[in-house]
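Next come the chains, spelled out residue by residue.
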Amino acid sequence: MAVEKKATLVFDSGNNIELPILSGSLGEDVLDVRTLGSKGLFTYDPGYLSTASCESKITFIDGNQGILLHRGYPIAQLAKESTYLEVCYILLYGETPTPEEFATFKDIVTRHTMIHEQISRLFQGFRRDSHPMAVLCGVTGALAAFYHDSLDVNNERHREITAFRLLSKMPTVAAMCYKYSVGQPFVYPRNELSYAANFLHMMFSTPCEEYVVNPVVERAMDRILILHADHEQNASTSTVRTAGSSGANPFACIAAGIASLWGPAHGGANEACLKMLEEIGTVDRIPEFIEKAKNKDDPFRLMGFGHRVYKNHDPRATVMRESCHEVLKELNLSDELLDIAMELEHIALNDPYFIEKKLYPNVDFYSGIILKAIGIPTTMFTVIFAIARTIGWIAHWNEMYTDGIRIARPRQLYTGYTEREFHSQIPKKSDKA
Ligand code: SDX
């Protein structure tokens, strides 16, 4: 990256500081502030609204134009013409696979979908009514115990094997979280099924009856996985990068990503969005909730609306909206919640508050309705987001190593006490038995 542009910080003292401005292949320029620390100055940016935490070649987002590219390929084309596993290959290796490369990739993923039988016993430690995200986080972290000694994170081949293990096993563990919550036996993966169909099979088949996957539902699930696969330096991906920057076990790092994704401001929004639509209940109650969302004193927000980066439309929501109608038509379902969602979208997009704040439906707004139509329980929505985002987390974790890893160690603006003498208020002998 050629350093051609510069910026100068001008101080009253006259000790100005010149900083390089770096340009990428697309998107905003960045001010390279790496030398500021040595000059006794930090940047201050809680929430990282104006901070580029790394250089990356994986995903590009233009929030104003509503553009999302994975390795340069527009998300709408990938969602319409590719499959989730092909998108996984593209995110991981950077190029589209040849038929032979894809066949090998698919075969490896397919043949690693089973998990160690010992792991099945881990579930017994959870209450049956545990939230599946809590179980997924715990079991994924526990995988670190199964794949720790043989794993050298500095070895590229070990990192590739880890990628295969996580990509292969996440749907299996996710489906087990659901089966455990409903008291049904775990269902083993089937190698002849596609990635999406296998997950649906493990979710809904029982020893008494094989679940027959509807091809439209299979396609919708695959598309949901594609649309959630990666999204640049979002909160959970940044969590995985930060955890991984210390050289930690990648399974533990992915568990940290799952924990961050669970939040309702992030991946938990799809579950929260459906609960909100259910709470609204009828179209005529929408204005009441729009007012709540606009009320500064009310913490309520319209779940599924707004985005830190997209200040126009979320391109994924556009594709998801089409899928939503396809699935409901195919399954001959009219969904009252969809009616509420469509009316809510219409009202919000014409309300001055949402227009001024640039709040548009995001990827989570429609995904919940499709998942509900497929028969996925609400508590499993974010689990499915986690399955999809596992490849994004791994691709960024891996990229961090290939680019040369440095531990993430932000500083702070300290506003606490200055130094003072310590005098305990606890009488000396009272702390003796
Ligand atoms: C995902 O980062 C990613 O890429 C995430 C993601 C991915 O693929 O990884 O895209 C997935 O997480 C999508 C977002 C899902 N979350 C939700 O749908 C929850 C509802 N949305 C909000 O919580 C919020 O919009 C965020 C968290 C998504 C974005 O928050 P920001 O950018 O920090 O914006 P903000 O909270 O500072 O809000 C800016 C203004 C505020 O008003 P003011 O204080 O300026 O007066 O907009 C208002 C907010 O009150 N606002 C909303 C709102 N979202 C923002 N008001 C009502 N309803 C909302 N949903």
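Definitions and cut-offs
- Residues numbered from 1 in each chain as written.
- Predicted model: local features only at pLDDT ≥ 70, side-chain atom pairs only at ≥ 80, totals over all residues.
- Heavy atoms only, no water.
- Pairing = 2+ DSSP bridges.
- Helix = DSSP H or I, 4+ residues; strand = E, 2+ residues; numbered from the N terminus.
- Phe/Tyr/Trp six-rings, centres within 6.5 Å; stacked < 30°, edge-to-face > 60°.
- Buried < 20%, exposed > 50% of the residue type's maximum accessible area, 1.4 Å probe, protein only.
- Lys NZ or Arg CZ within 6 Å of the ring centre and 35° of its normal.
- Disulfide = S-S within 2.5 Å.
- Core = buried A, V, L, I, M, F, W, Y, C linked by side-chain atoms within 4.5 Å.
- Contact = heavy atoms within 4.5 Å.
- Near = heavy atom within 4 Å.
- Polar contact = N/O pair within 3.5 Å; in protein donor to acceptor, adjacent residues only side chain to side chain.
- Areas by Shrake-Rupley, 256 points an atom, 1.4 Å probe, with all protein chains shown as cover.
- Nonpolar A, V, L, I, M, F, W, Y, C, P; charged D, E, K, R; others polar.
- UniProt positions renumbered as here; feature names shortened; annotations may be inferred.

Draft legend 1. Region of the structure containing the sheet that holds strand 6 (residues 73-74). On the basis of which strands lie adjacent, the open sheet formed by three strands has the order 4-5-6 and antiparallel pairing. The sheet is open, and its two edges are formed by strand 4 (59-62) and strand 6, each paired on a single side. For strand 5 (residues 67-70) and strand 6, the ladder comprises two bridges, and the chain directions are antiparallel. Paired with H70 across the bridge in strand 6 is Y73.

Draft legend 2. View of the packing of aromatic side chains. Following the criterion strictly, the structure yields 16 aromatic pairs and no others. A ring pair is formed by Y89 and Y93, whose centres lie 4.6 Å apart and whose planes are at 45°; its orientation type is tilted. Separated by four residues within a single helix, Y89 and Y93 lie in helix 2 (residues 84-93), roughly one turn from each other. Judged by relative accessible area, which is 33%, Y93 ranks as partly exposed. Three or more aromatic residues joined by ring pairs form one cluster here, namely F305, Y353, F354, F365 and Y366. Sitting over the face of the ring of Y180, R128 holds its NZ or CZ atom 4.0 Å from the ring centroid. Directly above the aromatic system of Y417 lies the positively charged group of R420, at a separation of 3.5 Å from the ring centroid.

Draft legend 3. Quick look at helix 2. The element helix 2 is largely enclosed, with a buried count of eight among its 10 residues. When helix 2 is considered as a whole, its buried residues turn out to be Y84, L85, V87, C88, Y89, I90, L91 and L92. Where helix 2 terminates, the next one or two residues include G94, which has phi positive at roughly 95°.

Draft legend 4. Geometry of the state of the cysteines. Here the structure, examined in full by the defined rule, presents zero disulfides. With no disulfide of its own, C88 lies closest to C177 among cysteine sulfurs, the gap being 19 Å. Residue classification places C88 among the buried positions, given a relative accessible area of 0%. Free of any disulfide, C253 has its nearest neighbouring cysteine sulfur in C137, separated by 12 Å.

Draft legend 5. Looking closely at the nonpolar core. Counting 117 residues, the largest nonpolar core has L136, F199, L302, L344 and I376 as the members making the most contacts within it. Among all residues touching I376, those that are not within four sequence positions of it are F199, L200, M203, F204, M221, L371, F381 and I384.

Draft legend 6. Geometry of the environment of A134. Of note, A134 is situated in helix 5 (residues 132-146). For A134, a relative accessible area of 28% puts it in the partly exposed group. C-alpha separation for the pair A134 and T51, spaced 83 residues apart in sequence, amounts to 30 Å. Leaving out residues up to four positions away in the same chain, A134 has contacts with F126 and W262.

Draft legend 7. Structural view of the sheet that holds strand 1 (residues 5-9). The strand order 1-2-3 describes an open sheet built from three strands, whose pairing is antiparallel. Both outer strands of the open sheet, strand 1 and strand 3 (30-31), are each paired with one neighbouring strand and no more. Judged from the five bridges that link them, strand 1 and strand 2 (residues 17-22) form a sheet pairing that is antiparallel. The residue of strand 2 that forms the bridge with T8 is E18.

Draft legend 8. Local environment of the site of the ligand. Close to the ligand lie 24 residues; H231, H307, R316, K357 and R389 are nearest. Interatomic distance of 2.8 Å between a side-chain N/O atom of R308 and an oxygen atom of the ligand. A distance of 2.8 Å separates an oxygen atom of the ligand from a polar atom in the side chain of R389. Here the ligand has 1000 Å² of accessible area as a free molecule, and 79% of this is covered by the chains. Counted by class, the shell around the ligand contains 10 nonpolar, seven polar and seven charged residues.

Draft legend 9. Seen up close, the UniProt feature "transmembrane region" (unreviewed entry) in the protein chain. Following the UniProt record, one finds the feature "transmembrane region" (unreviewed entry) at residues 365-388. Secondary structure content for residues 365-388 is 75% helix and 0% strand, and the end C-alpha separation is 16 Å.

Draft legend 10. Highlighting unusual backbone geometry. Positive phi is not limited to glycine here, since R71 has a value of about 50°. Note that R71 resides in the loop between strand 5 and strand 6. The phi dihedral of E232 falls on the positive side, at around 60°, and the residue is not glycine. For E232, the location among the structural elements is in the loop between helix 8 (215-227) and helix 9 (235-244).

Draft legend 11. Local environment of the UniProt feature "active site" (unreviewed entry) in the protein chain. Taking the numbering used here, the UniProt-annotated feature "active site" (unreviewed entry) corresponds to H307 and D364. For the residues just named, distributed over 58 residues, the greatest C-alpha separation is only 10.5 Å, placing them together at one site. Mapped onto the fold, H307 is located in the loop between helix 12 (286-294) and helix 13 (315-330). Setting aside residues no more than four positions away along its own chain, H307 makes contact with H231, R316 and N362. One polar contact links the side chain of H307 to the main-chain amide nitrogen of V309, over a distance of 2.9 Å. Its place among the elements puts D364 in helix 16 (residues 363-374).

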